[in-house]
Amino acid sequence: MKRQGIANLAFEPSSPDLRLQSRVSVSRPGPAPGRPPPECDEGPCGWGSFTPRALQLCNNPEGYLSAYSLLAVFQGIVVNGLINVSISTIEKRFELNSSLTGVISASYDIAFCVLSLFVSFFGERGHKPRWLAFSSFMIGLGSLVFALPHFAGGIYQFGSKLEGTSSANFTCNTSKESSLSNYLYVFILAQLLLGIGGTPLYTLGTAFIDDSVPKHKSSLYIGIGYAMSLLGPAIGYVLGGQLLNIYIDAPLQTSPEIDLDDPRWLGAWWIAFLLCCFGTWLLIVPFSCFPKHLPGTAKVQSEKISETHDDGSEAFVEDRNIGKNFNDFPVALLILLKNPVLMCLIIAASTEALVATGFATFLPKFIENQFGQSSSYSATLGGIVLIPGAALGQIISGILVSKYKLDCKNIIKFMLGTCSVALLLNTVFVFSKCGNEPFAGVSETYNGTGKLQNLTASCNANCNCLRSFYYPVCGRDEVQYFSPCFAGCTSFTVQKRKKTYQNCSCIGLPKRLPDTEKAPFEALAGKCRTQCTFLPLFLGFFFFAVVFTFMAVTPTTVAILRYLVFILFNNIFLVSQQSTIPGPILFGVAIDSSCTLWDINKCDIKGACWVYDNSKMAYMLIGISAACKVITIFFIGTAFCLYKPPPDNSATLQKDAELVSAVHM
């Protein structure tokens, strides 16, 4: 996100020979045109006149990278880890569907997209480390606000323990039942605050790295920073998954009546948000002590040469002195929008990021429902696939670009290859999908009685069962039932805290001969065990799909930073990486469209989804993923064909020097 300034030609003499000399100076290695000499802003590490000698050990790119990485880790823990792990729990606790939780996830990107260009434009000329201190404060504040609904929503009421013989009568309190969903707006506010905090981190923070290190090391440093940002989600998935094993209202209230196997169990999703709030605020201290430019920045800048896409925009900006104040912002933006290679890469990066954010948000939910796993275990598996795969892909690509010193043309070719492989690997959704286990009243009838999509049949019509309490049981006929009441059970026994229901009028004969000691019409608490064995296959293929998808991230960043818009605030690329607003929403709508059984509370208000059509969900997700991959490949290929490298610097330098000599003669 390096921003190279523009020479202020308004203060230059208007003589033709000096104008030619200024053009020669643009071509030869030297400080970025128009940027104030970094030497004047290079200073010691500290606060004002207080500059302890010990702090100067950190006054270098490695010291800054360490602080940057820690902030990226905390940001990743919250935004890409804890929130994704908590989505399923938040849906059940606050009666939200996947489309609405998709809006929550997309709110971060909304704030990022709105602010990125402005922060990049003004922050480029400001004190970037202090912007990072502001980023630390806002990320901590967003984490705190995200946890507030837990404290404001009161004690979690999971309902009376369902004994299975019948359902009691409950009254509807519309205001109380509908108030929980209003916390949607608090979550959105928290995500907006997190987006405000993330904007300087991934625009100015990365630009500061690129400004401070030599060209051949920039991709490696940025790759390390991005990889560390992926360590955060790994910690978030693990930490969040473990906290889901703690009851939601601990330590205020324990719940001896329900356990982890009970579908009404909700974990303590909010604890980690408070920890990250205070941890992030501690990083305000180190960022506030860095100087505006690290020592040696001027020397690094003097060795960098522009490799801007040769469409004439660089000369236009230099001649018109564009980019010095806010009045130039519309013109500068128009110049970038008219750059065909830049726009192709931005569209390609946006479609890739759309898929990445969609899967990051809903992959645990997909695993949970597709392969019949618990929320905690699904979150752990999702983290194992997404985080190491993404980190490995970015590190590999960063090393390859740095080691082989790939130019812009070869970088685009490299991106084309990795995206094509990722498209092929995404077909894993087709051949590893799982069908649904039989569910009475949803996917099949009650032994030939009743109708599909109707939980009531003649065998349970007199039980007065309530749809508002989902407590699945698995019958000996290997069919799942909504609750013991809907299974027609009239009695139960408890052994080792496990309930077994007897005399269930809706349960048919077992498909396999039962043991002699087991009654034929029994049901066990919990969902039926899935018969699908494709989970290891899916995880393996999807892991490599993630690796090849993220292998294009670092090269794309380097291409934008270094080669396409060297002359102007190239943080616009970060907008493309975060302009994934439709991603979580699109995935949420697709997942909701595959729902076959919704949670309907006592007031007939629809909440979260209990049962999905697994095949439809898989086809919807592969359709979205494949369409985005094809769009990505098309625009990367277009960028490859349209890109024109700048003239050879040495040849240009010689030609301009001859012209200057001719004028002097």
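For the structure itself, consult the block above.
Remember, it's a predicted structure, so these values are computed and weren't measured experimentally. (Residues numbered from 1 in each chain as written. Predicted model: local features only at pLDDT ≥ 70, side-chain atom pairs only at ≥ 80, totals over all residues. Heavy atoms only, no water.)

### Here's the deal with helix 18 (residues 535-550)
Then comes step 1: An ideal rise of 1.5 Å per residue puts 22 Å on 16 residues; helix 18 measures up with 22 Å between its terminal C-alpha atoms.
Then comes step 2: Inspection of helix 18 places Leu535, Phe538, Leu539, Phe542, Ala545, Val546, Val547, Thr549 and Phe550 among the buried residues, and these make up the whole buried set. (Helix = DSSP H or I, 4+ residues; strand = E, 2+ residues; numbered from the N terminus. Expected span 1.5 Å × (residues − 1). Buried < 20%, exposed > 50% of the residue type's maximum accessible area, 1.4 Å probe, protein only.)

### Here's the deal with the packing of aromatic side chains
Two numbers describe a pair of aromatic rings. These are the distance of the centres and the angle of the planes.
Then comes step 1: Scanning all chains against the criterion turns up 35 aromatic pairs.
Then comes step 2: When the centroid spacing of 6.3 Å and the interplanar angle of 75° are considered together, the rings of Tyr64 and Phe287 count as edge-to-face. Here Tyr64 is found in helix 2 (residues 61-93), whereas its partner Phe287 is found in helix 10 (residues 284-289), with 223 residues between them in sequence. Like Tyr64, the residue Phe287 is buried in the burial classification. (Phe/Tyr/Trp six-rings, centres within 6.5 Å; stacked < 30°, edge-to-face > 60°.)

### A look at a nonpolar patch on the surface
Then comes step 1: On the surface, a cluster of nonpolar side chains totalling about 500 Å² of accessible area is made up of Val430, Phe431, Phe534, Leu537, Phe541 and Tyr619.
Then comes step 2: Those elements that place two or more of their residues in the nonpolar patch are helix 17 (428-431) and helix 18.
Then comes step 3: In this structure, Leu537 sits in helix 18.
Then comes step 4: Leu537 sits in the partly exposed class, given a relative accessible area of 33%. (Patch = residues over 30% accessible without salt bridge, like charges linked within 9 Å, V, L, I, M, F, W, Y side chains within 5 Å. Areas by Shrake-Rupley, 256 points an atom, 1.4 Å probe, with all protein chains shown as cover. Salt bridge = Lys/Arg side-chain N within 4 Å of Asp/Glu carboxyl O.)

### A closer look at the sheet that holds strand 1 (residues 473-475)
As a general point, the strands of a sheet are linked pairwise by backbone hydrogen bonds and lie either parallel or antiparallel.
Then comes step 1: Spatially, the 5 strands line up as an open sheet ordered 2-1-5-4-3, and their pairing is antiparallel. Of all strands in the sheet, those bounded by a partner on one side alone are strand 2 (480-481) and strand 3 (491-495). (Pairing = 2+ DSSP bridges.)

### Here we look at the side chain of Thr101
Then comes step 1: When you line up the elements, Thr101 lands in helix 3 (residues 98-123).
Then comes step 2: Overall, the relative accessible area of 0% leaves Thr101 in the buried class.
Then comes step 3: Reaching out from Thr101, the side chain makes a polar contact with the backbone oxygen of Ser98 at a distance of 2.9 Å.
Then comes step 4: Among residues more than four places away in sequence, those in contact with Thr101 are Ile87, Glu91, Leu96 and Phe362. (Polar contact = N/O pair within 3.5 Å; in protein donor to acceptor, adjacent residues only side chain to side chain. Contact = heavy atoms within 4.5 Å.)

### Comments concerning the packing of helix 15 (residues 375-404) against helix 18
Then comes step 1: The geometry of helix 15 relative to helix 18 is characterised by a closest axis approach of 7 Å and an angle of 30° between their N-to-C directions. With respect to each other, helix 15 and helix 18 are oriented roughly parallel. Along this stretch, helix 15 crosses helix 18, giving a crossing that reads as right-handed. Where helix 15 abuts helix 18, its residues Leu381, Ile384, Val385, Leu386, Pro388, Gly389, Ala390, Leu392, Gly393, Gln394 and Ser397 lie against Leu535, Leu539, Phe542, Phe543, Val546, Val547 and Phe550. (Axes fitted to C-alpha atoms, helices over the stretch in contact; angles between N-to-C directions. Parallel < 35°, antiparallel > 145°, perpendicular 65-115°, else oblique. Left-handed = near helix turned anticlockwise from the far one by under 90°.)

### Regarding the pattern of salt bridges
Then comes step 1: Overall, the coordinates contain 3 salt bridges when judged by the stated rule.
Then comes step 2: Residue Lys629 pairs with Glu352 through a salt bridge whose shortest N-O separation is 3.1 Å. Remark: Glu352 occurs in helix 14 (residues 340-370) and Lys629 occurs in helix 22 (residues 614-642); sequence separation between them is 277 residues. In terms of burial, Lys629 and Glu352 fall into one category: buried.

### Points about the pairing of strand 7 (residues 606-612)
Then comes step 1: For strand 7, the tally of buried residues reaches 6 of 7 residues, placing the bulk of the element in the interior.
Then comes step 2: In this sheet, strand 7 lies alongside strand 6 (residues 595-600) in antiparallel orientation, the contact comprising 4 bridges. What sits directly across from Cys595, in strand 7, is Tyr612.
Then comes step 3: Between strand 6 and strand 7, which pair antiparallel in sequence order, lie 5 residues; one of them, Asp604, sits at a positive phi of approximately 60°.

### A short note on the pairing of strand 4 (residues 498-502)
Then comes step 1: Within strand 4, 4 of the 5 residues are buried, which leaves it mostly tucked inside the rest of the structure.
Then comes step 2: Pairing between strand 3 and strand 4: 5 bridges, direction antiparallel. Counterpart to Gln495 in the pairing with strand 4 is Lys498.
Then comes step 3: As judged from the 2 bridges shared by strand 4 and strand 5 (residues 523-525), these two strands associate in the antiparallel manner. Paired with Thr500 across the strands is Leu524, a residue of strand 5.

### A word on the nonpolar core
Then comes step 1: The biggest cluster of nonpolar side chains holds 103 residues, and the ones touching the most others in it are Tyr64, Phe146, Trp269, Phe366, Phe538 and Phe542.
Then comes step 2: With 15 residues, helix 2 is the single largest residue contributor to this core.
Then comes step 3: With residues near it in sequence (within four places) discarded, Phe538 still touches Leu363, Phe366, Ile367, Phe371, Val428, Phe429 and Ser432.
Then comes step 4: Core analysis: the second largest hydrophobic core is formed by 26 residues, Leu455, Val479, Tyr481 and Cys485 among them. (Core = buried A, V, L, I, M, F, W, Y, C linked by side-chain atoms within 4.5 Å.)

### Considering unusual backbone geometry
Most peptide bonds take the trans form, and the phi angle of most residues other than glycine is negative.
Then comes step 1: Backbone geometry at Gln453 places phi at a positive 65°, although glycine is not the residue there.
Then comes step 2: Note that Gln453 resides in the loop between helix 17 and strand 1.
Then comes step 3: We note that Asn464 has phi near 55°; this positive angle belongs to a residue other than glycine.

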